[in-house]
Amino acid sequence: MESRSRSIHKSASIMISAILFLSLIHTSHCFYLPGVAPEDFQKGDPLKVKVNKLTSIKTQLPYSYYSLPFCPPPKILDSAENLGEVLRGDRIENSPYEFKMREPQMCSVLCRVKLDAKAAKQFKEKIDDEYRVNMILDNLPLVVPIRRQDQGYPTVYQLGYHVGLKGQYTGSKEEKNFIHNHLAFTVKYHRDPLTDSARIVGFEVKPYSIKHEYEGKWTGNTRLTTCDPHTKRTVVNSNTPQEVEANKEIIFTYDVEYQESDVKWASRWDAYLLMSDDQIHWFSIVNSLMIVLFLSGMVAMIMLRTLYRDISKYNELETLEEAQEETGWKLVHGDVFRPPSNSDLLCVYVGTGVQFLGMVLVTMIFAVLGFLSPSNRGGLMTAMLLLWVFMGIFAGYASSRLYKMFKGSEWKKVALRTACLFPGIVFAIFFVLNALIWGQKSSGAVPFGTMFALVVLWFGISVPLVFVGGYIGFKKPAIEDPVKTNKIPRQIPEQAWYMNPIFSILIGGILPFGAVFIELFFILTSIWLNQFYYIFGFLFLVFIILLITCAEISIVLCYFQLCSEDYLWWWRSYLTSGSSALYLFLYATFYFFTKLEITKLVSGLLYFGYMLIASYAFFVLTGTIGFYACFWFTRLIYSSVKID
């Protein structure tokens, strides 16, 4: 009953966050965003240490902190989470750790736990799967600093500390599991000399495994012999580690050290987001620009030389005999704007692509401006979902405008399919994946309340907006074709092998994928290897290059197709640039086998399920760009030709 009320409470807070999203943007001012404003602490002020999910790059299944028998506080309290946090599997709760600002602690005993067989098995499984514990202090994640041996390189920070480690006793070949039961925390702060208040700018930990010892019977104030503040004895290594075995006791302890720092509060995330290999991103940009320049040269050559010459010659034709000698793209002017087969489905996919393009573009702009920094946990996913919902009006408008041009009359049917086809397929895959996660008892499983909130966002806001857009688009006058369409379709001559539809479509997807694959590596690393990704400036540049590449490759291949008197360009223009999604999925498969250490079947299914969704979305986005580029190109060249 308690979990059901918690789920209802979460879904209510998610719905409120959705409704207040726009007002949140308007109320944000200066540098700070709501919820991430700085907090000043005086000496002795209590600091709230919160625990987050347990994560593993081997399983990709998050678990709540208290799914393991760690020391609990008197009452476990959930923190309010936004939509993005819930979908990411974040479960932020209070902890028993008691920190006081600028008051160091040594060997504070948290609790003593005696493991039964079930608890020992749980700890062993999590250590085998290399799970990490995530904590939060003043909205900063806990990190383990790793200093590189070679000088000149900055310190690398890993999110969270390992639950434990595997090792062998000296002289033994049997591998044992050891738990990190002593944590040496370092809280870095920036002090204001005028008010003597301080702001937290760093939260680090060094985990140790130590078999604590004490004399006599255990009571509430028993002093440890292995770690005692009175004798200034502290834990500095894991030479006598604490083994995880049934019926063995584990004593959890921690130290807290405070360090003054020159880093200001506004720059406290810089160390986490430090990009030491920015050269490769510039290489990616230059590589992509080479592709763009090559394609731009081809398009310019077609537009300025061939087309200009062809159109001027064609317009000079006077006699019927000369007109009969015309060849290439001019011959198909009476068929080039003939509606394609499955034109309704094309309208639906183009509308969905416009919706996706709008969402990605606005999200990128917000990210580049700093609204979606990692300090605003779950903000990126929440923004993307809500923007998708509100972009429904553009999807309806684009699909109905195209549908009316194809002489369609049932715009409501097309609007409904636009509102339901892509989200329906994605939701079905997501539902199956969520059921798999639920079966693993992972905190990554989306609760029923959140699932209901997503359905309400979809059918309560997105679908009506698609219909509004569809109504507006259909009321506008139909787009006129620049040339008349013949009543009888022209026969398409036999095509050369390289103009085969499948071959040219597959070739067309290589260059758009080539423009983004280096940046794709960093995005996949961020998602699946639990690292920060905050180089939206580079990403925005790559995205613009992707748009140009998709448009240009589609125009070039469309021109070659029309020159070989094949006028069935509608679907091919969409599929040419859209086929880059196939290469994205193949690259994701390559990444899975070369970079990830996933061994569990469920984890593998999760990876390929989510990458399938990403590839499908990429197909819709790139396909729409290619389609609109060819649509503009064909209208431009055929409107320049005089047809008697």
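These figures come from a predicted structure and were not determined experimentally.

1. Quick notes on the packing of aromatic side chains
Next, step 1: For the coordinates displayed, the defined rule picks out 54 aromatic pairs.
Next, step 2: Seen from their ring centres, Tyr 65 and Tyr 66 are 4.9 Å apart, and the 90 degrees between their planes marks the pair as edge-to-face.
Next, step 3: A relative accessible area of 1% places Tyr 65 in the buried class.
Next, step 4: Taking the centre distance of 5.4 Å and the plane angle of 45 degrees together, the rings of Trp 388 and Phe 422 count as tilted. Of this pair, Trp 388 sits in helix H8 (residues 379-390) while Phe 422 sits in helix H10 (residues 411-439); the two residues are 34 residues apart in sequence, bridging distant segments of the chain.
Next, step 5: For Trp 388, a relative accessible area of 12% translates into the label buried.
Next, step 6: Feature note: the residues Tyr 349, Phe 356, Trp 388, Phe 422, Trp 571, Tyr 574, Tyr 616 and Phe 619 constitute an aromatic cluster, connected by ring pairs.
Next, step 7: Stacked on the ring of Tyr 131, the Lys or Arg Lys 126 has its end atom at 5.4 Å from the ring centre.

2. Describing the state of the cysteines
Next, step 1: For the structure on display, the rule yields 2 disulfides.
Next, step 2: In this model Cys 71 forms its disulfide with Cys 111; the gap between the sulfur atoms is 1.9 Å. Looking along the S-S bond of the Cys 71-Cys 111 disulfide, the torsion reads about -75 degrees, which is the left-handed sense. Of this pair, Cys 71 sits in the loop between strand S1 (46-55) and helix H3 (83-88) while Cys 111 sits in strand S3 (residues 105-114); the two residues are 40 residues apart in sequence, bridging distant segments of the chain.

3. Regarding the nonpolar core
Next, step 1: In this structure, Leu 562, Trp 569, Trp 570, Tyr 607 and Tyr 638 are the most contacted members of the largest nonpolar core, which totals 101 residues.
Next, step 2: Element by element, the count of residues in this core is highest for helix H17 (residues 601-639), at 17 residues.
Next, step 3: Setting aside anything within four residues of it in sequence, one finds Trp 570 in contact with Val 336, Phe 337, Arg 338, Pro 340, Leu 346, Met 405, Phe 406, Phe 627 and Phe 631.
Next, step 4: Among the nonpolar cores identified, the runner-up in size contains 56 residues, and Tyr 65, Ala 119, Phe 123 and Val 143 belong to it.

4. Digging into the packing of helix H7 (residues 343-368) against helix H14 (residues 536-563)
Next, step 1: For the pair H7 and H14, interaxial distance at closest approach is 9 Å and the crossing angle is 150 degrees. Considering the angle they form, H7 stands roughly antiparallel to H14. In this structure, H7 meets H14 at a crossing whose hand is left-handed. Where H7 approaches H14, its residues Leu 357, Val 360, Leu 361, Met 364, Ile 365, Ala 367 and Val 368 are matched on the opposing element by Phe 536, Gly 537, Leu 539, Phe 540, Phe 543 and Leu 547.
Next, step 2: The residue inventory of the contact of H7 with H14, partitioned by class, reads 12 nonpolar, 1 polar and no charged.

5. Quick word on the confidence of the model for the protein
Next, step 1: Summary statistics for the protein give a mean pLDDT of 83 and a share of 88% for residues scoring 70 or more.
Next, step 2: In this model, residues 1-35 is a region of pLDDT below 50 whose contacts with residues beyond four sequence positions or in other chains number 38 contacts.
Next, step 3: Contacts of residues 318-326 to residues separated by more than four positions or lying in other chains number 4 contacts, the stretch itself having pLDDT below 50.

6. Notes on H14
Next, step 1: Taking 1.5 Å per residue as the helical rise, H14 with its 28 residues ought to reach 40 Å, and the 40 Å between its terminal C-alpha atoms agrees with that figure.
Next, step 2: Of all the 28 residues making up H14, 21 are buried; the element is thus mostly covered by neighbouring parts of the structure.
Next, step 3: Where H14 ends, the next residue or the one after it, Glu 565, has phi of about 65 degrees, a positive value.

7. Looking at the side chain of Arg 401
Next, step 1: Secondary-structure assignment places Arg 401 in helix H9 (residues 392-405).
Next, step 2: The side chain of Arg 401 sits in the buried core without any salt bridge; Glu 480 is the nearest counter-charge, 9.2 Å away.
Next, step 3: Here Pro 477 takes part through its backbone oxygen, which lies 2.6 Å from a polar atom of the side chain of Arg 401.
Next, step 4: Excluding residues within four positions of it along the chain, Arg 401 makes contact with Gly 473, Lys 476, Pro 477, Ala 478 and Ile 479.

8. Some words on a nonpolar patch on the surface
Next, step 1: Among the surface-exposed residues, Leu 361, Ile 365, Leu 369, Ile 544 and Ile 548 lie close enough to one another that they form a single nonpolar patch of about 390 Å² accessible area.
Next, step 2: You can see Ile 544 is positioned in helix H14.

9. Considerations on the environment of Phe 467
Next, step 1: By the secondary structure assignment, Phe 467 is in helix H11 (residues 448-475).
Next, step 2: Look at Phe 467 and you get partly exposed, because its relative accessible area is 24%.
Next, step 3: Between the C-alpha atoms of Phe 467 and Tyr 397, which are 70 residues apart in sequence, the distance is 8.4 Å.
Next, step 4: In contact with Phe 467, other than residues within four places in its own chain, are Trp 411, Lys 412, Ala 415 and Leu 416.

10. A word on helix H12 (residues 501-508)
Because an α-helix packs 3.6 residues into every turn, residues spaced three or four apart end up facing the same way.
Next, step 1: Residues of H12 that are buried: Ser 504, Ile 505 and Gly 508. Within H12, the buried residues cover an arc of 100 degrees as seen down the axis, which keeps them to one side.
Next, step 2: On the buried face of H12, the contacting elements are helix H13 (510-528), H14 and helix H15 (570-578).
Next, step 3: Where H12 begins, the capping side chain belongs to Asn 500, and its oxygen is found 3.0 Å from the backbone nitrogen of Ile 502.

11. Structural notes on the pattern of salt bridges
Where charged atoms from two side chains of opposite charge come close, those side chains can pair.
Next, step 1: Scanning all chains against the criterion turns up 20 salt bridges.
Next, step 2: In this structure, Lys 176 engages Glu 174 in a salt bridge whose closest nitrogen and oxygen atoms are separated by 3.5 Å.
Next, step 3: Of the residues examined, Lys 176 reaches a relative accessible area of 17% and is grouped as buried.
Next, step 4: Among the salt bridges present, the one from Lys 248 reaches Glu 243, with a minimum N-O distance of 3.6 Å.
Next, step 5: Assessed through its relative accessible area of 30%, Lys 248 is described here as partly exposed.
Next, step 6: For Glu 243, a relative accessible area of 7% gives the class buried.
Next, step 7: If you follow the salt bridges from partner to partner, you end up with Arg 102, Arg 191, Asp 196 and Glu 260 in one network.

Rules used in this analysis
- Residues numbered from 1 in each chain as written.
- Predicted model: local features only at pLDDT ≥ 70, side-chain atom pairs only at ≥ 80, totals over all residues.
- Heavy atoms only, no water.
- Phe/Tyr/Trp six-rings, centres within 6.5 Å; stacked < 30°, edge-to-face > 60°.
- Buried < 20%, exposed > 50% of the residue type's maximum accessible area, 1.4 Å probe, protein only.
- Helix = DSSP H or I, 4+ residues; strand = E, 2+ residues; numbered from the N terminus.
- Lys NZ or Arg CZ within 6 Å of the ring centre and 35° of its normal.
- Disulfide = S-S within 2.5 Å.
- Core = buried A, V, L, I, M, F, W, Y, C linked by side-chain atoms within 4.5 Å.
- Contact = heavy atoms within 4.5 Å.
- Axes fitted to C-alpha atoms, helices over the stretch in contact; angles between N-to-C directions.
- Parallel < 35°, antiparallel > 145°, perpendicular 65-115°, else oblique.
- Left-handed = near helix turned anticlockwise from the far one by under 90°.
- Nonpolar A, V, L, I, M, F, W, Y, C, P; charged D, E, K, R; others polar.
- pLDDT = per-residue confidence, 0-100.
- Expected span 1.5 Å × (residues − 1).
- Lys, Arg positive; Asp, Glu negative; His and termini not counted.
- Salt bridge = Lys/Arg side-chain N within 4 Å of Asp/Glu carboxyl O.
- Polar contact = N/O pair within 3.5 Å; in protein donor to acceptor, adjacent residues only side chain to side chain.
- Patch = residues over 30% accessible without salt bridge, like charges linked within 9 Å, V, L, I, M, F, W, Y side chains within 5 Å.
- Areas by Shrake-Rupley, 256 points an atom, 1.4 Å probe, with all protein chains shown as cover.
- Arc of directions from axis to C-beta.

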